[in-house]
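# Residue-level structural notes
One letter stands for each residue in the lines below.
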Amino acid sequence: MPLHAVCWFLCCRQGFSLLGRDYGEKEEEESFELRNKEDLTPSGRSPAEVTVCQPTHTANGSKGQVYVSGPINCPVVLLSRQEKQLQYPPVPPHRHTISEVSEEMKSLVIEKSKMGLDEEPELLVKGWLLLEVRGNWIKQRRYWFVLSQDSLDYYSGSEKGARRLGTLVLTSLCSVIWPDKQKYKETGFWNITVYGRKHCYRLYTKHFNEAVHWACAIQKIIDTKAPVETPTQLLIRDIEENKFHPEVVEHIYQHNPILKYTQGPLYAPLLPFPYGSLEHTYHSGKGYGSVREEAVKLFNCLQQLESSREPVPIIQGVLQTCLDLRPLRDEVYCQLVKQTSYTPAPYTAAHLRYWQLLTCMSCTFLPGPNVLKYLRFHLKRIQSQNPESEMDNYASFINEALDKTKCRECVPCWEEIQTLMNRQKMLCTVHYPGPGSCQLYISSHTTANEVVRRMQEKLGLQDSNNTFALYKQSSVWEQPVAGSALIADVLTSLASKESEAKSQWKLCFKLYCLMDTDSISVDSIEYLFLFEQCHEMVVRGQLPGCEEDLQTLAALRLQFLMGDFSTHAPCPPLEELFPNHVLEARVLVSLSSAQALSPCQVAAQGCHSTQRFTSGLWAGALWSHAATAAHKQKLKQDIHLRSRLKEEAAAVMGVILERWRGLVGYGCRDSIAAYLAIARQWSGFGCTLYEVDFYISSTGSFSQKLWLGVAATSVSLYRQGEAEALESFPYGQICSYGVSDSNTFRITAGDRDLLFETTKLAEIMQLMNAYFSAIRCPQGKGEDVDITKAESTEVGLKHLASTLTPTLLELPSHPV
């Protein structure tokens, strides 16, 4: 065939397809049929006895029907065209039927006849819109759209007798995406998208008001529709109503395969989900589809558990999807109940995988109230049918977990999933100041408060006047853990931080509120905690003191760690003994006297030279030469600075070793006592320091960097490195404190408002709340309450409730 003949044939075929679509052919429309209590089925039964079907594949690959029956309490049953051939098997004599049907529930959709535009009833909105046409070289076509109480239709034209070309039936599951400004910038059109069961209409218009008008009208129709209930929902409700009639419940299960284990795929969710919801099209960069699509995919993942050699990744993936897409949690619970009911081989390892996933789900998310009742009924039924079996053990474990579970912030880690699959507890390592640590068994429900209480009991600290907390800690950073936080979530987050930052993280049990440092027994482990935490402050530069005192403290630390002086003892690095910033400050002071030119000054001189002697291309070349010279000068200065730091560090280390030599005979307890005696000379000993920018009203900016010290009786301000406080505010003078904005902390003391900018806002708030709480409720048994302190906190606490967000009101971990 000649080439021009082939081209002519293709063009004609394309043209006839367009004409056929516009003037005669159209997609098959979905029709529904209303059945109420007056309408009888072909066998003479009421809709209460109608069967529920689930599509399956026949041998030749086409979709067939599995016909089942059960006492479904549904006054309205919607049947699609494909479902009109349902059969109705005879009802057993003992079957429980419905005698009354509500008149309030009417059809969600009235079957539409193939009428023309002039016969359409109850038109609400009509007008010309552009419809996106996919799979064609014409992307958008102009149609006449008509919105009625039941559907959104489009026609070939606006004249009477125009042919209807498409229908989108509106139910409560339909959704509308409103006009998007970004889309308008890209296309020049305002668009709205309407999702239905079978169709998705992407509509465009030049006018924003017109797009909003259509979106509002369609959404209003959707909101008036009665909620759609799936067969599974109706059966769950029927089981709940008949739970005290075992024979009826058994009959429901026997005659409704949708409630029982299946090896075939699931073609639709068990619960109703909106069509094409915007929120689930693309979630957190993970590329999720619609909720309905993800529900079907999850059932496929569940079935893969039976044959998978390593089930943990599949379980973790299912849990992650449920964490990201909250509506799917109830769906997965229903799917798991289905797959653990009437299993052909209930005691095999493959079937027990469903129980293992159900165990992990029960320790991670709670289902909704209705699904929770259904789940508990299912567990009780399994236990009664399979006593002393593995299924009985899993059901008992799940029941207990459901009583304790709170929604998790993280998906359980690999180790936790493995322990849950075996119904065991995890071993958690908790460090404390110094080289020591404890190992505790925890469950998925263990909170930080519980761990703190158990650590106090294990270390004999129940009667301490001070309070303790758990910290997330690395070599350079730490943060207190909230008391209600789940330790399993904390461990999972620390594991992810380790993999990202390649640094070691750990849980640490430490002193939190130092209410009384004088009464700590020198023989207790709490005394060692005080020493270790005091040394942490010294190394971080948060305990101001003269250089001689800092050198003495470093020598006492060496005596505590190494014993008497020895030339063969391997000393720790200087940064673990002495604050590094002191060395840097000394070197910078010595270098400042050299009056060396900065790189910027060198570059500026080069620039002036080029301006005096050259122009154009030569100026650019000389400027490049000046920039290179400035870079070399900076490298030279950096090398010189590092060299001076090494020299200074060696000199300081020599002084520390000499002081260490003079401590011969000091034991560990003597070294600690001498160390703390020097540290206590600071008036702010026992407070926690936070770096803040102080707001200066005269300049109207946050310009002065200070230390904010939070202690048991007051809040103080210090210049960094200085021992004396600039100002101190006892809690009795503080009227209120709280959050001014995301990074600003406010303290009102008398007629003064103090504003601070800090990145440690939450930690400051938590610590002040903890001190207020400790003052009001002293922990020591039989002690008299300090009335003055307790009364002074009332005003601050009264303002606290109205000024803070609930997340910041929560105290860090502490025993209750």
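Here is what the cut-offs are and how they apply
Residues numbered from 1 in each chain as written. Predicted model: local features only at pLDDT ≥ 70, side-chain atom pairs only at ≥ 80, totals over all residues. Heavy atoms only, no water. UniProt positions renumbered as here; feature names shortened; annotations may be inferred. Helix = DSSP H or I, 4+ residues; strand = E, 2+ residues; numbered from the N terminus. Buried < 20%, exposed > 50% of the residue type's maximum accessible area, 1.4 Å probe, protein only. Contact = heavy atoms within 4.5 Å. Areas by Shrake-Rupley, 256 points an atom, 1.4 Å probe, with all protein chains shown as cover. Core = buried A, V, L, I, M, F, W, Y, C linked by side-chain atoms within 4.5 Å. Pairing = 2+ DSSP bridges. Salt bridge = Lys/Arg side-chain N within 4 Å of Asp/Glu carboxyl O. Expected span 1.5 Å × (residues − 1). Phe/Tyr/Trp six-rings, centres within 6.5 Å; stacked < 30°, edge-to-face > 60°. Lys NZ or Arg CZ within 6 Å of the ring centre and 35° of its normal. pLDDT = per-residue confidence, 0-100. Polar contact = N/O pair within 3.5 Å; in protein donor to acceptor, adjacent residues only side chain to side chain. Axes fitted to C-alpha atoms, helices over the stretch in contact; angles between N-to-C directions.

The name given to the protein in an unreviewed UniProt entry is Unconventional myosin-X, and the organism recorded there is Takifugu flavidus. As recorded by UniProt, the Sequence similarities (unreviewed entry) comment attached to the protein reads in full: "Belongs to the TRAFAC class myosin-kinesin ATPase superfamily. Myosin family."

## As for the overall build of the protein
Scanning the protein from terminus to terminus reveals 23 helices and 23 strands. Counting across all 816 residues of the protein, residues that qualify as buried make up 46%. For the protein, the share of sequence-separated contacts (at least 6 apart) that also reach a separation of at least 24 residues comes to 65%. Taken as a whole, the protein presents about 41,500 Å² of accessible surface, with 54% of it coming from carbon and sulfur.

## Details of the nonpolar core
One recurring pattern in soluble globular proteins: nonpolar side chains tend to sit buried together. In terms of nonpolar packing, the biggest core is built from 95 residues, with M455, L470, F509, Y731, F745, F756 and M768 touching the most fellow members. The element that contributes the greatest number of residues to this core is helix α21 (residues 761–776), accounting for 9 residues. Setting aside residues no more than four positions away along its own chain, M455 makes contact with V430, Y432, C438, L440 and F509. Membership of the second largest hydrophobic core comes to 59 residues, among which are I258, L266, L270 and M421.

## Concerning the pairing of strand β16 (residues 506–513)
Across the 8 residues of β16, 7 count as buried, placing the element largely inside the fold. Of the strand pairs in this sheet, strand β12 (residues 426–431) and β16 are connected by 2 bridges, and their pairing is parallel. Paired with H431 across the bridge in β16 is C508.

## Observations regarding the pattern of salt bridges
Counting across every chain of the model gives 22 salt bridges. Between E250 and R381 there is a salt bridge, and its shortest N-O distance comes to 3.1 Å. Residue E250 is found in helix α5 (residues 246–254), and its partner R381 is found in helix α10 (residues 369–385); the two are separated by 131 residues along the sequence. R381 gets classed as buried once you look at its relative accessible area, which sits at 9%. One salt bridge in this structure joins K510 and E478, with 2.9 Å as the shortest N-O distance. Linking K510 in strand β16 with E478 in strand β15 (residues 478–480), this pair joins segments that are 32 residues apart in sequence. What makes K510 buried here is its relative accessible area of 3%. Residue classification places E478 among the buried residues on the basis of a relative accessible area of 18%. A network of salt bridges, in which partner residues are shared, links E478, K510, E536 and R540.

## Topic: unusual backbone geometry
Positive phi values are uncommon outside glycine, yet Y342 reaches one of about 55°. Assignment of secondary structure puts Y342 in the loop between α8 (328–339) and α9 (349–362). Even without glycine at this site, E388 takes up a positive phi of about 60°. Positionally, E388 belongs in the loop between α10 and α11 (390–404).

## Overview of helix α16 (residues 547–562)
Each turn of an α-helix holds 3.6 residues, which means side chains three or four residues apart point in the same direction. Here α16 spans 22 Å end to end across 16 residues, near enough to the 22 Å set by a 1.5 Å rise per residue. For α16, the complete set of buried residues consists of L550, Q551, L553, A554, A555, L556, R557, L558, Q559 and F560. Positioned one or two residues after α16, G563 has a phi angle of 80°, which is positive.

## Focus on helix α7 (residues 312–324)
Over its 13 residues, α7 extends 18 Å from the first C-alpha to the last, a length consistent with the 18 Å expected when each residue adds 1.5 Å. V312, I314, I315, V318, L319, T321, C322 and D324 are the residues of α7 that are buried. The inward-facing, buried residues of α7 contact α6 (291–304), α8, α9 and α12 (414–421).

## What to know about the packing of aromatic side chains
Here the structure, examined in full by the defined rule, presents 24 aromatic pairs. Ring centres 4.8 Å apart and planes at 65° place the aromatic pair F531 and F560 in the edge-to-face group. In this pair, F531 is assigned in helix α15 (residues 525–539) and F560 in helix α16, connecting sequence segments 29 residues apart. Like F560, F531 is buried. Summarising the aromatic geometry, the rings of Y731 and F772 are spaced 5.0 Å apart at their centres and angled 45° between planes, so their arrangement reads as tilted. Placement of the pair is Y731 in the loop between β20 (725–730) and β21 (734–741) and F772 in helix α21, with a sequence separation of 41 residues. Residues Y731 and F772 agree in their burial class; the two are buried. Taken together, the ring pairs in this structure connect Y143, F145, Y154 and Y201 into an aromatic cluster. Over the face of the ring belonging to W128 we find R142, whose NZ or CZ atom lies 4.1 Å from the ring centre.

## Remarks on the confidence of the model for the protein
On average, the protein scores 78 in pLDDT, and the residues at 70 or more come to 74%. At the level of individual helices and strands, the protein shows its lowest average pLDDT in strand β1 (residues 32–33), which scores 28, and its highest in α8, which scores 97. In the predicted structure, residues 595–619 sits below a pLDDT of 50 and forms 24 contacts with residues beyond four places in sequence or in another chain. Per-residue pLDDT stays below 50 along residues 779–811; that stretch engages in 54 contacts with residues further than four places along the chain or on separate chains.

## Comments concerning the side chain of T748
Residue position: T748 is located in strand β22 (residues 744–749). Since its relative accessible area comes to 14%, T748 is described here as buried. A polar side-chain atom of T748 sits 2.8 Å from a polar atom in the side chain of D753. Among residues more than four places away in sequence, those in contact with T748 are Q733, I734, C735, S736 and D753.

## Details of the sheet that holds strand β13 (residues 437–442)
Each strand in a sheet pairs with another by means of backbone hydrogen bonds, the pair being arranged parallel or else antiparallel. If you walk across this open sheet you meet the 5 strands as β13-β12-β16-β14-β15, and the pairing is mixed. Each having just a single partner strand, β13 and β15 make up the two edges of the open sheet. Averaged over all pairs of adjacent strands, the angle between their axes in this sheet comes to 40°, without regard to strand direction. In terms of strand pairing, strand β14 (residues 467–473) meets β16 through 7 bridges, oriented antiparallel. Its bridge partner being in β16, A469 is matched across the sheet by K510. Where helix α13 (residues 448–459) meets the sheet, it contacts β12, β13, β14 and β16, and its direction lies at approximately 130° from that of β13. Seen against the sheet, α15 touches β14, β15 and β16 and runs at an angle of roughly 100° to β16.

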